[in-house]
Amino acid sequence: MIQTEYDFKLPGGYIDNRGQIHRDGKMRLATAADEIEAARDPRVLSNPEYMSVVLLSKVITKLGELEMITPKIIEGLFVRDMDFLKNMYQTINDVGEPVMHIQCPHCGEEFESKIDFTNVD
C-alpha cells in the first residue's frame, strides 16, 4: 500500500491570532490537479513565487488545531518553517531531476547520470 500522508513537526510553528502555536501537522501527496489549479491561481500568475504558498495550502491537511489551511496561514509561517515544508513537499513527491545509477563495465566505478528525456538521438 502506498503512503499518501506524512506527519511533520514544524521547527518553529505557526502562531495564530490568539497566540497559540501550531507545530504538528500532516501533508498529503500532491496530485496533478493540485499543481494545475495552483498554476492557474491569479496570485501565482501575477507572482510565480507564490506557487509554493498555494501548493502547500492544498496539501497540508492538518496543522495543530487549525480547522482549515489557507494561503494566508502559509504566508504567516516563519521562513524556516516555510523552507522545511517546501523541502518536505519536494521529498515526499520526489520532485527533482531523474537520475540513473550506472556502473562502468570496464572499471566498475559507480556514478549517477541525469536522464534527459528531451534528447532522443
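Look a little higher up for the structure.
Structural notes, computed from the coordinates.

Calculation rules
- The residue count restarts for each chain, going from 1 along the sequence in the order it is written.
- Reporting in this predicted model follows two pLDDT cut-offs: at least 70 for local features of residues, and 80 or more for side-chain atom pairs to be given and counted; totals over whole chains, interfaces and linings ignore these cut-offs and use all residues.
- Side-chain metrics in this entry use all non-hydrogen atoms of the structure; hydrogen atoms and water are not considered.
- The numbering of helices and of strands both runs from the N terminus, where a helix is a DSSP run of H or I of at least 4 residues and a strand a run of E of at least 2.
- A 1.4 Å probe rolled over the protein chains alone gives each residue an accessible area, and that area as a share of the maximum for its type sets the label: buried under 20%, exposed over 50%, partly exposed in between.
- Residues are treated as being in contact if the distance between any of their heavy atoms lies within 4.5 Å.
- Note that accessible areas follow from Shrake-Rupley with a 1.4 Å probe, and for residues the cover is restricted to the protein chains shown.
- When DSSP finds at least two bridges between two strands, those strands are taken to pair.
- Whenever a carboxyl oxygen of Asp or Glu lies within 4 Å of a side-chain nitrogen of Lys or Arg, that contact is scored as a salt bridge.
- A helix is expected to span 1.5 Å multiplied by its residue count minus one.
- Directions pointing from the helix axis toward each C-beta atom define the arc.

Here's the deal with the overall build of the protein chain
Counting secondary structure elements, the protein chain contains five helices and five strands. In the protein chain, the order of α-helices and β-strands from amino to carboxyl end is β-β-α-α-α-β-α-α-β-β. Split into buried and exposed, the 121 residues of the protein chain put 29% on the buried side. Of the contacts made within the protein chain by residues no fewer than 6 positions apart, 48% connect residues no fewer than 24 positions apart. Summed over all atoms, the accessible surface of the protein chain reaches about 8600 Å², with 53% contributed by carbon and sulfur.

A look at the environment of M88
Within the secondary structure, M88 is located in helix α5 (residues 79–92). We classify M88 as buried; its relative accessible area is 11%. When the C-alpha atoms of M88 and M27 are compared, they prove to be 8.6 Å apart, with 61 residues separating the residues in sequence. Once residues within four sequence positions are removed from consideration, M88 is found in contact with Y6, D7, F8 and M27.

Some points on the pairing of strand β2 (residues 21–28)
Bridge count between strand β1 (residues 5–15) and β2: seven bridges; the pairing is antiparallel. The residue of β2 that forms the bridge with Y14 is H22. What sits between β1 and β2 in their antiparallel hairpin is a turn of five residues, with G19 showing a positive phi close to 90°.

Focus: the pattern of salt bridges
Counted according to the given criterion, the structure contains seven salt bridges. A salt bridge links D7 to K26; the nearest nitrogen and oxygen atoms lie 2.6 Å apart. Of this pair, D7 sits in strand β1 while K26 sits in strand β2, and the two are 19 residues apart along the sequence. The exposure class of K26 is partly exposed, given its relative accessible area of 27%. Of the charged contacts, one joins R18 and D16 as a salt bridge, the two residues approaching to 3.5 Å between their closest N and O atoms.

Things to note about helix α3 (residues 51–59)
When you tally the buried positions in α3, you get seven out of nine residues, the bulk of the element. Among all positions of α3, only S52, V53, V54, L55, L56, S57 and V59 are buried. On its buried side, α3 packs onto β2, α1 (32–40), α2 (42–46), β3 (60–63), α4 (71–75) and α5.

A look at α5
Between its first and last C-alpha atoms α5 spans 20 Å; for 14 residues at 1.5 Å apiece the expected length is 20 Å, and the two agree. Among the residues of α5, those classed as buried are D81, M82, L85, M88, Y89 and I92. The arc that holds every buried residue of α5, seen down its axis, measures 125°, which confines them to one face. Exposed positions of α5 whose direction lies more than 90 degrees from the buried face are V79, R80 and T91. Residues of α5 that are buried sit in contact with β1, β2, α1, α3, β3 and α4. After α5 finishes, the residue D94 shows a positive phi value of roughly 50°.

So far we have only geometry, and geometry alone does not tell us how the molecule works.
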